[in-house]
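Here is how the chains run, residue by residue.
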Amino acid sequence: MAGENVPLLSRGADSDGKSGVSICCCPCLGGRSRSKTKVAPIELNMTVVGKENSGKTSLIYRFTRGCLPEQNTRTIIDTDGVDIMRRGKKIHLVIHDTSGTEEDARLRALTYANCDLIIMCFPVDSPEALHNIVADWAPEVRTLCCNTPYLLVGTKKDLRRKNNSKKCVSKKEGEAIARQIGSVGYFEYSAHDEKNAVKSAKKLFGTAIGKCLEMRRQ
Ligand SMILES: Nc1nc2c(ncn2[C@@H]2O[C@H](COP(=O)(O)OP(=O)(O)OP(=O)(O)O)[C@@H](O)[C@H]2O)c(=O)[nH]1
Ligand SMILES: [Mg+2]
């Protein structure tokens, strides 16, 4: 699927310095601009879901920080913000990182309010995880977040090469499921591909932002 790269202007940081959303001080977003015609950025909200360990946080980190998380910590809930320029438009993107467990379902559901798009992840080395997309994740999102578009992402693409002995989900299978569940597209991603991880994450989020803006225009 063709995607569009998005240049990041800045990343938000909350008061504890770890993550969160803050108003950008970048002059082009109006933070310290002296211009009389300030244009408020378009705010978009996205939530990233998928089973535990499916690579949600790694994908977000590659996009927002360019690196992998220092520690492999299970996410309960986390929010990050980035400022983006896209075709001359200023966008403030809020990204909610979630837990994939049943116990955290109610907490996860809170992030669905005002959500513009959901990124639904499964690792390609797990056919069972793809089955869960059809059986669990798509129904959850359709029920709790009806009319919100979602984008299916096959994560850990690098494991296809490494796991010769293990049955992995093929690109064709992923694309077929994306069509079946009504996803707005299909992406494959590897946060462990040092050379392409950041570029691919920008492409993925660029496409997701494009879908959100398209929906807003309708
Ligand atoms: N091989 C490979 N491993 C990955 C990739 N992305 C993430 N991982 C690894 O998978 C594990 C889980 O990654 P996370 O990004 O924390 O996954 P998550 O979905 O946020 O996990 P939870 O917050 O616990 O639900 C870590 O050990 C990562 O290093 C990838 O693209 N390829
Ligand atoms: Mg996580």
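Up top is the structure these notes are about.
Only a predicted model underlies this, so the values are computations on that prediction, with no experimental measurement involved.

Calculation rules
Residues numbered from 1 in each chain as written. Chains lettered and ligands numbered in written order. Predicted model: local features only at pLDDT ≥ 70, side-chain atom pairs only at ≥ 80, totals over all residues. Helix = DSSP H or I, 4+ residues; strand = E, 2+ residues; numbered from the N terminus. Buried ≥ 20, exposed ≤ 12 C-beta atoms within 10 Å, placed from the backbone. Contact = placed C-beta atoms within 7 Å. Core = buried A, V, L, I, M, F, W, Y, C linked by C-beta atoms within 7 Å. Axes fitted to C-alpha atoms, helices over the stretch in contact; angles between N-to-C directions. Parallel < 35°, antiparallel > 145°, perpendicular 65-115°, else oblique. Left-handed = near helix turned anticlockwise from the far one by under 90°. Near = placed C-beta within 6 Å. Nonpolar A, V, L, I, M, F, W, Y, C, P; charged D, E, K, R; others polar.

Describing the overall build of the chain
Helix and strand counts for the chain stand at six helices and seven strands. In the chain, the succession of α and β elements from N to C terminus is β-β-α-β-β-α-β-α-β-α-α-β-α. Of all 218 residues assigned to the chain, the portion counted as buried reaches 41%. A fraction of 73% describes how many contacts in the chain between residues 6 or more apart in sequence connect residues 24 or more apart.

Considerations on unusual backbone geometry
The backbone of N53 shows a phi angle near 65°, a positive value even though the residue is not glycine. Looking at the secondary structure, you find N53 in the loop between strand 2 (42-50) and helix 1 (56-64). Classification of N53 as partly exposed rests on a count of 16 C-beta atoms within 10 Å. With phi around 65°, N114 is a residue other than glycine that occupies positive phi space.

Brief notes about the nonpolar core
Residues I119 and M120 are the most contacted members of the largest nonpolar core, which totals 48 residues. Ranked by residue count, the leading element in this core is helix 6 (residues 197-217), at seven residues. Residues contacting M120, with those up to four places away along its chain left out, are V49, G50, I133, W137, V141, Y150, L151, L152 and V153.

Focus: the packing of helix 3 (residues 127-144) against helix 5 (residues 171-181)
Where helix 3 meets helix 5, the closest approach of the two axes is 10 Å, and the angle between their N-to-C directions is 15°. The orientation of helix 3 with respect to helix 5, classified from their angle, is roughly parallel. Handedness of the crossing formed by helix 3 with helix 5: right-handed. Facing L130, I133, V134 and A138 of helix 3, the residues of helix 5 in contact are E173, I177, Q180 and I181.

Brief notes about the site of ligand 1
Lining the immediate environment of ligand 1, one finds 20 residues, of which G55, K56, T57, S58 and T75 sit closest. Of all the secondary-structure elements, those providing two or more residues to the shell around ligand 1 are helix 1 and helix 4 (158-162). Here the shell around ligand 1 takes three residues from helix 1, the largest share from any one element. Residues of the shell around ligand 1, tallied by class, amount to two nonpolar, 13 polar and five charged.

Description of the packing of helix 1 against helix 6
Direction vectors running N to C along helix 1 and helix 6 enclose 95°, while the axes themselves pass 8 Å from each other. Accordingly, the angle class assigned to the pair helix 1 and helix 6 is roughly perpendicular. Across from L59, R62 and F63 in helix 1, the residues of helix 6 making contact are A197, V198, A201, K202 and F205. Looking at the contact of helix 1 with helix 6 residue by residue, the class counts come to six nonpolar, no polar and two charged.

So, to be careful, I would describe these as geometric facts and stop short of saying anything about function.
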